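# Structural description and commentary
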Amino acid sequence: MLKRLLAAIGVAAVVLPSAGTPAQAATPVVQIVKVYYDSPGSDRGGNVSLNGEYAVLRNMSRQSIQLQNWILRDETGYKYRFPSFTLKPGKSVTVRSGQGSNTSTTLYWGRKWYVWNNDGDTAGLYRGSDLKKIDGCTWGRGGISTACQ
């Protein structure tokens, strides 16, 4: 019946989305864009070496995002809880594993040993208000860093 009605008004075909078609995944408002998991040199635990290990997060939205209480974590369960920190639209922040003074572009985890495993790991980013997973990045053995998509 619908086919005849459409033909009568000059419409050859109509394509409707099926109920089973999955929705396109939305881009996370904050993405993990890179993890440098194997700092230069041997892993002896010095602060310079620890700070050579880091994750870069970028605000993909057009609004500032307050990251206070958001969590960045690895597979093992090491967690970095963000302090009061506003990530402006299109800007990035680097979270370094070691110690230092936080700035508008770099935050420090304050650890005395490494977070990211050189032979494979997963970085996960969780929203503070409800601990919903916002983004993740996984890598395997080999290399020194990974670009996350």
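The structure displayed is predicted, hence computed values, not measured ones. Residue numbers run consecutively from 1 along every chain, following the written order of its sequence. Selection of residues for local features in this predicted model requires a pLDDT of at least 70, selection of side-chain atom pairs for listing and counting requires 80 or more, and totals for whole chains, interfaces and linings are taken over all residues. With hydrogens and water excluded, all non-hydrogen atoms of the structure serve as input to the side-chain values.

## Details of the packing of aromatic side chains
Geometry of aromatic contacts follows a simple scheme: Phe, Tyr and Trp rings, the Trp one being its six-membered ring, pair when their centres are within 6.5 Å, and the pair is stacked under 30 degrees between planes, edge-to-face over 60, tilted otherwise. One pass over the structure, following the stated rule, counts seven aromatic pairs. Ring geometry for Trp113 and Tyr114: centres 4.9 Å apart, planes at 75°, overall edge-to-face. Taken together, the ring pairs connect Tyr37, Tyr80, Phe82, Trp109, Trp116 and Trp139 into an aromatic cluster. The criterion for a charge sitting over a ring is simple: Lys NZ or Arg CZ within 6 Å of the ring centre, and within 35 degrees of the ring normal. The ring of Tyr54 is capped by Arg96, whose NZ or CZ atom sits 4.8 Å from the centre of that ring. If you follow Arg111 out to its NZ or CZ, it ends over the ring of Tyr78, 4.2 Å from the centre.

## Regarding the sheet that holds strand E10 (residues 133-139)
Here we have four strands laid out as an open sheet, ordered E5-E4-E9-E10, and antiparallel in their pairing. At either margin of the open sheet sits one strand with a lone partner, and together these are strand E5 (79-81) and E10. Each strand of the sheet is rotated relative to its neighbour by a mean of 15°, with strand direction disregarded. Pairing between strands is defined by DSSP: at least two bridges between them are needed. Counting from the N terminus, the helices are the DSSP runs of H or I reaching at least four residues and the strands are the DSSP runs of E reaching at least two. In this sheet, E10 lies alongside strand E9 (residues 121-126) in antiparallel orientation, the contact comprising six bridges. Each residue of the ladder has a partner; that of Asp121, found in E10, is Trp139. A fitted line through C-alpha atoms represents every axis, and for helices the fit uses only the stretch in contact; the resulting angles, taken between N-to-C directions, go from 0 to 180 degrees.

## A short note on the sheet that holds strand E2 (residues 54-59)
Spatial strand order, E8-E7-E2-E1-E11: five strands in an open sheet with mixed pairing. Each edge of the sheet is formed by a strand with only one pairing partner; in this case those strands are strand E8 (106-108) and strand E11 (145-147). On average, each strand axis in the sheet is inclined to that of its neighbour by 25°, with strand direction left out of account. Pairing of strand E7 (residues 92-96) with E8 involves three bridges; the strand directions are parallel. The residue bridging Thr94 from the neighbouring strand is Thr106, located in E8.

## What to know about the state of the cysteines
Simply put, disulfide is the name for a covalent bond between the sulfur atoms of two cysteines. Pairs of cysteine sulfur atoms within 2.5 Å are what we label disulfides. Tallying each qualifying case throughout the model produces one disulfide. Covalent S-S linkage joins Cys137 and Cys148, the inter-sulfur distance amounting to 2.0 Å. Torsion about the S-S bond of the Cys137 and Cys148 cystine: about -75°, corresponding to left-handed handedness. Of the two residues, Cys137 is situated in strand E10 and Cys148 in the segment after E11; the sequence distance between them amounts to 11 residues. For Cys137, a relative accessible area of 4% translates into the label buried. Burial here depends on accessible area, computed with a 1.4 Å probe over protein chains only, as a share of the maximum for the residue type. Under 20% is buried, over 50% is exposed, and the range in between is partly exposed. Its relative accessible area of 7% is what places Cys148 among the buried residues.

## What about the environment of Tyr78?
Topologically, Tyr78 is positioned in the loop between strand E4 (71-73) and E5. Sequence spacing of Tyr78 and Tyr114 is 36 residues, and the spatial spacing of their C-alpha atoms is 9.8 Å. Once you skip the residues sitting within four places of it in the chain, Tyr78 turns out to touch Leu72, Arg73, Trp109, Arg111 and Val115. The contact criterion used is simple: two residues touch if any of their non-hydrogen atoms lie within 4.5 Å.

## Overview of unusual backbone geometry
Located in the positive-phi region is Asn69, a residue other than glycine, with phi close to 75°. For Asn69, the position within the fold is in the loop between strand E3 (65-66) and E4. A relative accessible area of 35% places Asn69 in the partly exposed class. In this structure, Leu131 takes a positive phi of about 55° despite not being glycine. Of note, Leu131 is situated in the loop between E9 and E10.

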